[in-house]
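Coordinates in review
Each chain, written out:
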Amino acid sequence: MPRSTTSTALKLVILLVLFAAIVAAFGLYQPRFLQTSLVSTVLQFASMLALVALGQALIVLAGGAGIDLSVGGIVSLSAILSMMALQAGAPPVTLPVLAVAIGALLGAVNGILVTRIRILPLIATLGTLFVYGGLAMALTAGGSLSGVPQWLVPFGRGLVGGVPYHFLALVLPAYLAAAVILTFTAWGRWLYAMGYNERSAHLVGIRVDRIRFFAYCLSGALSGLAALVSLAWFGSGRPNIGLNLELESLAAALLGGIAITGGSGGVIGVLIAVLMIVTLKTGLQFVNVSTVWQVGIVGALLLLVLLLDFLIPRRRA
Amino acid sequence: MTDNAFLEARGIGKQFGGVTALADVDMDIRRGEVLALLGDNGAGKSTFVKVLAGAHRPSAGTIAIEGRPVSLASPQDAAAAGIATIYQELALSENLSVAENVYLGREDVRRILGIPFLKRAEMRRRVGVLLDELDAHIPNPDMPVGGLSGGQRQAVAICRALNLDARLVIMDEPTAALAVAETRKVLALVRRLAERGCAVVLISHNIADVFEVADRMVVFRRGRKIAERRRADTDPEEIVSFITGAHPSLRSLEHLG
């Protein structure tokens, strides 16, 4: 019974149908919604979520009740800390490396809490979400930090053939690399094996804790990359820029076909789900539904996916 | 007598705190032979096997492999010495294919920029050959393990052991959860494993299975090896009387215990 492959394909089809329905519904309600600039707009807004959702997807895939609720906090705090480093005299040219390194470091803290101290990921990353997010607010008293180098701004706002630079340069390569590694390398096999059955993976000698620790670091680094996109885009470091990313990235990962129990799913579906969520939010914006409601609707979507996951039976030894 | 021995254990003992789980066990394990370990629950057979698998350090005694003394301090040591243990739970990943499971953790890879890309065709081919050799009744190495029967899963686990170049395969209750037809197939697999020159140690509670497949039997009772018989020299009744402690030769021991 090729359960994993058929249910993954099935989820992908459901996702694409849902995506088409959303686009069609907004198009029927407001034909102006379907203008050519829609693609650029959606991709511009999608980059940050796409990067964060990729990390989220890998952590959930790795199993062990893996989840990273702190991604939003990491995005905010990496943006703030890397800007503060610049203000403290770090050379501006190091900003991209700083943002990613700080993100990876914050992710490593999650990794230690989960794999060494053995705190449940849900609790550990909920804790760090508040610590990181709160720290970003406290360090700035809620204000923005200006001083992003001018040479970075075109990267945040520029388009090539209607596609934002950062989507082309960061999101596509990241997803491509992740898809290739998951499908064609031993690392991918280990991640699926430990995600589905941690005990058996351990018995065959897969170093489960090390891989899981690395997944949290990677998720942190990808959140740092999202922070970099935000700096380039807005030209300043905002302490609340990561708000709600934990909810949206989790929704994207699960909508994209990653099983919440781990060990099943792929990242291409996650990218499609990201684009769908951003399209939905853009559409709601377009028809003047407030941001508050948008969060609620994404939350409802997440609940729906989890329900579907429970309704589709899973065999497990 | 020990000319064909792969592994010689002498005076193996194991204490857990004040409890003696194993005392003064001598055993030879030979190539091409199926050795069955029998005994009641808690008799010491599992403890002994865990010592061989590197999961327990013995409190006393020595182990030699091919005449050379070895220390089996960890499962890695045991694997390096050519000892593979197939646990009852089998340690298979149901979401991966047969070939992927056989190679899991020890994949055949081609490194490009340090990234271990799988040699998938090569692994599939090799697993196909192994499955054929074992006559394992698994048509396709690409099948997900989640869809296989209990007996087929045993075959995958055995393939895995063979692929690791195991020279001693330890199997813990391989037929415990199987239907009759499946049990037949697994017992045939066990025989074929021995015919390939592997030493096989089998833990089983099923006397009929043991008499069908084992060349030699060792009975444990209260942490001691109390009997060793070649199949030709014994019968199920004698073995059962050893296991239950009813055998006349055990009377004096029982009083001491």
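Now for a look at the structure at hand. Please read all numbers here as calculations on a predicted model, not as lab measurements.

Considering the interface of chain A and chain B
One frequently used descriptor of interface size is the decrease in accessible area upon assembly of the parts. Taken together, the 25 residues of chain A in the interface contact 24 residues of chain B. Summed over both partners, the interface of chain A with chain B comes to about 2100 Å²; 60% of that surface belongs to carbon and sulfur atoms. When residues of chain A are sorted by the area they lose upon contact with chain B, A:Phe184, A:Arg189 and A:Val204 head the list and together hold 26% of the total. Seen at the junction of chain A and chain B, the total is one salt bridge.

With respect to the pattern of salt bridges
Residue and element names in this part refer to chain B. Applying the stated criterion across every chain, the model contains 20 salt bridges over all chains. For Lys-185, the salt bridge is made with Glu-182, and the minimal N-O distance between the two is 4.0 Å. Placement of the pair is Lys-185 and Glu-182 together in helix α6 (residues 180–195), with a separation of three residues, close to one helical turn. Given a relative accessible area of 40%, Lys-185 falls into the partly exposed group. Here the salt bridges share partners, and the residues they tie into one network are Arg-30, Glu-33, Arg-216, Lys-225 and Glu-228.

Section: helix α5 (residues 150–163) of chain B
All names here are of chain B. For α5, which comprises 14 residues, the first-to-last C-alpha distance of 20 Å matches the rise-based estimate of 20 Å (1.5 Å per residue) to within 8%. Of all 14 residues making up α5, 13 are buried, and the element is well covered by its neighbours. One or two steps after α5, the chain reaches Asp-165, where phi turns positive at roughly 60 degrees.

Quick notes on the sheet that holds strand β1 (residues 5–16) of chain B
All names here are of chain B. Spatially, β2-β1-β4-β5 is the arrangement adopted by the four strands of the open sheet, whose pairing is antiparallel. In this open sheet, the two strands that pair with only one neighbour each are β2 (19–30) and β5 (68–70). Taking each pair of neighbouring strands and ignoring which way they run, the sheet shows an average axis angle of 25 degrees. Sheet analysis places β1 next to β2, joined by eight bridges and oriented antiparallel.

Quick notes on the pairing of β1(B)
Residues and elements named next belong to chain B. When you tally the buried positions in β1, you get nine out of twelve residues, the bulk of the element. Counted along the chain from β1 to the antiparallel partner β2, the turn is two residues long, and its residue Gly-17 has a positive phi close to 60 degrees. Strand direction decides the pairing type here: β1 and strand β4 (residues 60–65), joined by five bridges, are antiparallel. Opposite Gly-13, over in β4, you have Ala-60 as the bridge partner.

Observations regarding a nonpolar patch on the surface
Taken together, the side chains of A:Val160, A:Tyr165, A:Leu168 and A:Leu172 present a nonpolar region at the surface, about 320 Å² in accessible area. Looking at the nonpolar patch, the element that brings in the most residues is helix α7 (residues 165–184) of chain A, giving three residues.

With respect to the sheet that holds strand β10 (residues 199–203) of chain B
Residue and element names in this part refer to chain B. On the basis of which strands lie adjacent, the open sheet formed by six strands has the order β6-β9-β10-β3-β11-β12 and mixed pairing. Where the open sheet ends on each side, the last strands, each with one partner, are β6 (83–86) and β12 (224–230). Within the sheet, the average angular offset between the axes of one strand and its neighbour, ignoring direction, is 20 degrees. Examined bridge by bridge, strand β9 (residues 168–172) and β10 share five bridges and lie parallel to one another. Pairing of Leu-168 across the sheet is with Ala-199, part of β10. Contacts from α5 reach β6 and β9, with the element oriented near 165 degrees to β6.

Definitions and limits used
Residues numbered from 1 in each chain as written. Chains lettered and ligands numbered in written order. Predicted model: local features only at pLDDT ≥ 70, side-chain atom pairs only at ≥ 80, totals over all residues. Heavy atoms only, no water. Contact = heavy atoms within 4.5 Å. Buried area = accessible area lost by both parts, 1.4 Å probe. Salt bridge = Lys/Arg side-chain N within 4 Å of Asp/Glu carboxyl O. Helix = DSSP H or I, 4+ residues; strand = E, 2+ residues; numbered from the N terminus. Buried < 20%, exposed > 50% of the residue type's maximum accessible area, 1.4 Å probe, protein only. Expected span 1.5 Å × (residues − 1). Pairing = 2+ DSSP bridges. Axes fitted to C-alpha atoms, helices over the stretch in contact; angles between N-to-C directions. Patch = residues over 30% accessible without salt bridge, like charges linked within 9 Å, V, L, I, M, F, W, Y side chains within 5 Å. Areas by Shrake-Rupley, 256 points an atom, 1.4 Å probe, with all protein chains shown as cover.

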